[in-house]
Amino acid sequence: MSDPEPTGRLSAAEERFEAVRRKAGFVLAPLVFCAVWLAPLAGLSHEAHLLAAVVALTVTLWVTEAIPIPAAALLGPALCVLLGVAPAKTVFGPFADPVVFLFIGSFMLAQGLSVHGLDRRIAVSILAHKWVGPHPARILIAFSGVTLVISMWLSNTATTAMMYPIGLSLFAALSRKKGASAGPTVYASGMLLMCAYSSSLGGLGTPVGTPPNLIGLGLIEQATGIHIGFFQWMLLAAPVIILLFVVLYWHVGRKAAADFPRIENFNRWIADQLRELGPLRRGERNAATAFILTALLWIVPGVVVIIAGPESNTAKWLSGHLPESIVALIGATLLFVLPVNWKQREFTLNWRQAADIDWGTILLFGGGLSLGGLMFTTGLADAIGHSLQSLTGAQSLAALTFLFTGIGIILTEFTSNTASANVIIPVALAMSVECGVNPVIPAIGACMGASMAFLLPVSTPPNAIVYGSGLVPITHMIRYGFALDVVAAVVVPLVLLTWGQYVL
């Protein structure tokens, strides 16, 4: 039996809805812009009023995707300059923020792993571990676990795109054992859902795992001057990931693995995969060297702070000379100098390959930092936070953390996680300051909430990829995704309000 082929990412009805949504954006965006511009918004400065109209237009374009999301992220800052909200140097300065270069470097490192297939070798090697064997439950745990770990360092979309064909190939191997009965279909649905959801959860694990993390860290430092280090973030996110992964397996994987027989041909499938990969190549070793060195230099400063204290000379030197962005660029540059074939001047990564990184996300990130910074300087974020506080009555640290985590989760189901983070984190920071509480915890809650896109195929690319297999019923995604959203809305604030207070 050949591997199953994707049957289309969306149904005909869903495709019609998407077409209407995009067309509507061309009408709604200018209407929303004009409505906010002409509305009598008392208490706002002229610049804040103009910025509110620009932000409303940009968010509408993000939600409807009438134009590409990165293009909308460039249009917003351009309109700010055109309308006189701030000068060009101020508006476009955040595009050169060090965090942007951390993004660029980490994307290139991920590209090096992908170009040489090291990410796939890691995934197959873990599945080949003797503990996994032909046990359906252990296969699910290993498959989704390796997806989660890889997604901590690669984008969730790239991770899902890499693990998805492995899952389909494994499903084909299982189907040869059990034929066309319902068992493999239920199992495959659970496997692919766990793949998509684990990719989203894994992105929380490191600052470079997903754009909202860096957006949150950048805006927090911009607004408060507080720098949250790489290792510190990992400590903060670890309990959230572990708890939600356990819930994910209990809710999705356990049901998929129930009553499924022992998989006798699994070892043969693994042997075929390893044979196809062949021996470890020079490019893979080089990519691994650059990646491991970079990861160590990201993590070591945080360990030094814990052991020697933040005021030690070593900690200060590492913080001043090896910030995360510089480490990422050094690691990426190694890929251009470590040779694969010295005689032919072939290196681990060439510029054509490096240029294939997701520049759209980088531009979106810069645009979000720009609009977020302007929301602070013009007072717009303060005004929105004050209105939201009056509407909800939330004032305590706990109430604000639960509120903004929930808002982040709701927003990210209907627009990209990056766009959601750009919109909600500045408001979380401003409202927390307005209420006189530490703004870091609610802002991180909003940041993490923006990664909890489990409900719909359009919520995040990993969901769309696995839905496109034709093996994941939309009812399964909605049912399991809604339950995970509810659990995340409780787990994230509780972890931040307990463990987070200690770590930060």
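Let me sum up the structure you'll find in this document. (Residues numbered from 1 in each chain as written. Predicted model: local features only at pLDDT ≥ 70, side-chain atom pairs only at ≥ 80, totals over all residues. Heavy atoms only, no water.)

## Describing the overall build of the protein
Stated precisely, the cut-off is as follows: Working definition: helices are DSSP H or I runs of at least four residues, strands are E runs of at least two. Numbering for both runs from the N terminus. The globule rule used for comparison is 2.2 Å times the number of residues to the exponent 0.38, while the radius of gyration itself is calculated over C-alpha atoms. The classification of residues rests on relative accessible area computed with a 1.4 Å probe and restricted to protein chains. Under 20% of the type maximum is buried, over 50% is exposed, and intermediate values are partly exposed. Contacts: residue pairs with any heavy atoms within 4.5 Å of one another. For every accessible area listed, the method is Shrake-Rupley and the probe measures 1.4 Å; residues are considered covered only by the protein chains on display. Counting rule applied: Lys, Arg positive; Asp, Glu negative; His and chain ends not counted. The atoms used to mark charge sites are NZ of Lys, CZ of Arg, CG of Asp and CD of Glu.
Regarding its fold elements, the protein presents 23 helices and two strands. Here the C-alpha radius of gyration of the protein, 23 Å, is about what a compact globule of 504 residues would show, namely 23 Å. For the protein, buried positions account for 54% of its 504 residues. A separation of at least 24 residues holds for 79% of the contacts in the protein among residues at least 6 apart in sequence. Total accessible area on the protein is roughly 20,800 Å²; 67% of this is exposed by carbon and sulfur atoms. Considering the protein, the positive charge centre built from 26 side chains and the negative charge centre built from 24 side chains are found 12 Å apart.

## Points about unusual backbone geometry
Unusually for a residue other than glycine, Glu65 sits at a positive phi of about 55 degrees. Within the secondary structure layout, Glu65 lies in the loop between helix 2 (46-64) and helix 3 (69-83). Of note, Arg345 is a non-glycine position whose phi angle comes to about 55 degrees, a positive value. By secondary structure assignment, the location of Arg345 is in the loop between strand 1 (339-341) and strand 2 (346-347).

## Some details on the side chain of Thr210
Within the secondary structure, Thr210 is located in the loop between helix 9 (182-202) and helix 10 (211-224). With relative accessibility at 3%, the residue Thr210 sits in the buried group. Excluding residues that lie within four positions of it along the chain, Thr210 makes contacts with Gly203, Asn417 and Ser451.

## Considering the layout of surface pockets
Rules: Detection works on a 1 Å grid of protein atoms alone, calling trapped sets that fit a 1.4 Å probe cavities and calling open sets with protein on both sides within 12 Å along at least five of seven lines pockets, with lining residues defined by an atom within 4 Å of a point. Grid points are joined across faces, edges and corners, and a volume is the space filled by probe spheres set on the points.
Put simply, the second largest pocket is a space of about 560 Å³. Residue lining of the second largest pocket: 22 residues in total, with His227, Gly229, Pro301, Gly302 and Val305 positioned closest to the centre. Of all the elements in the fold, those that place two or more residues in the lining of the second largest pocket are helix 11 (230-257), helix 13 (282-308) and helix 14 (313-321). Sorting elements by how many residues they give to the lining of the second largest pocket places helix 13 first, with six residues.

## Comments concerning the packing of aromatic side chains
The condition that has to hold: Aromatic pairs are defined between Phe, Tyr and Trp rings, using the six-membered ring for Trp, whenever the two ring centres lie within 6.5 Å; interplanar angles under 30 degrees are classed as stacked, those over 60 as edge-to-face, and all others as tilted. A positively charged side chain is recorded as over a ring if its NZ (Lys) or CZ (Arg) lies within 6 Å of the ring centre. The angle to the ring normal must also be within 35 degrees.
Per the stated rule, a full pass over the model turns up eleven aromatic pairs. Between the aromatic rings of Tyr197 and Phe454, the centroid separation amounts to 5.1 Å while the plane-to-plane angle is 75 degrees, which identifies the pairing as edge-to-face. In this pair, Tyr197 is assigned in helix 9 and Phe454 in the loop between helix 21 (440-449) and helix 22 (461-467), connecting sequence segments 257 residues apart. Taken individually, Tyr197 and Phe454 each receive the classification buried, so the pair is uniform in this respect. For the ring pair Phe336 and Trp351, a centre distance of 6.2 Å and an interplane angle of 35 degrees mean the geometry is tilted. Residue Phe336 is located in helix 15 (residues 324-337), and its partner Trp351 is located in helix 16 (residues 351-354); the two are separated by 15 residues in the primary sequence. Assessed through its relative accessible area of 24%, Phe336 is described here as partly exposed. A residue is classified by how much of its surface remains accessible, and Trp351, at 52% relative accessible area, is exposed. We note Arg345 situated over the ring of Trp342; from NZ or CZ to the ring centre the distance is 4.3 Å. Directly above the ring of Tyr480 sits Arg479, whose terminal nitrogen or CZ lies 5.0 Å from the centroid.

## Comments concerning the pattern of salt bridges
Test applied: In what follows, salt bridge is the name for a side-chain nitrogen of Lys or Arg lying within 4 Å of a carboxyl oxygen of Asp or Glu.
With the rule as written, the count across this model stands at six salt bridges. Two residues, Glu276 and Arg120, come together in a salt bridge whose shortest N-O distance is 3.9 Å. One end of the pair, Glu276, is in helix 12 (residues 266-277); the other, Arg120, is in helix 6 (residues 118-127), with 156 residues separating them in the sequence. What emerges from the salt-bridge pattern is a single network uniting Arg21, Arg22 and Glu65.

## What to know about the state of the cysteines
Put simply, the rule reads: Any two cysteine sulfur atoms lying within 2.5 Å of each other are counted as a disulfide.
A complete count under the given rule lists zero disulfides for this structure. Here Cys80 is not cross-linked by a disulfide; its sulfur's nearest cysteine counterpart is in Cys34, at 16 Å.

## As for the packing of helix 13 against helix 15
Between two packed helices, both the angle of their axes relative to each other and the distance between the axes serve to describe the pair. Our working definition: Note on geometry: axes are C-alpha line fits, over the in-contact stretch for helices, and angles between N-to-C directions span 0 to 180 degrees. For this classification, under 35 degrees means roughly parallel, over 145 means roughly antiparallel, 65 to 115 means roughly perpendicular, and everything else is oblique. Gly is put with the polar residues, along with every residue not named as nonpolar or charged; the nonpolar set is Ala, Val, Leu, Ile, Met, Phe, Trp, Tyr, Cys and Pro, and the charged set is Asp, Glu, Lys and Arg.
Two elements in contact, helix 13 and helix 15, have axes whose closest approach is 9 Å; the angle formed by their N-to-C orientations is 170 degrees. Here helix 13 lies roughly antiparallel to helix 15, going by the angle between them. Of the residues in helix 15, those touching helix 13 at Ala287, Ala290, Leu293, Thr294, Leu297 and Trp298 are Glu324, Val327, Ala328, Gly331, Leu334 and Leu335. Looking at the contact of helix 13 with helix 15 residue by residue, the class counts come to nine nonpolar, two polar and one charged.

## As for the packing of helix 6 against helix 7 (residues 136-151)
Quick reminder of the rule: Take the far helix as the reference: if the near one is turned anticlockwise from it by less than a right angle, the crossing is left-handed, and if turned clockwise, right-handed.
At a minimum axis distance of 9 Å, the contact between helix 6 and helix 7 shows a crossing angle of 150 degrees. For the element pair helix 6 / helix 7, the angle class is roughly antiparallel. Our pair here, helix 6 against helix 7, has a crossing hand that is right-handed. When helix 6 is examined against helix 7, the residues Asp119, Ile122, Ala123, Ile126 and Leu127 are found in contact with a partner set consisting of Ile139, Ala142, Phe143, Val146 and Ile150.

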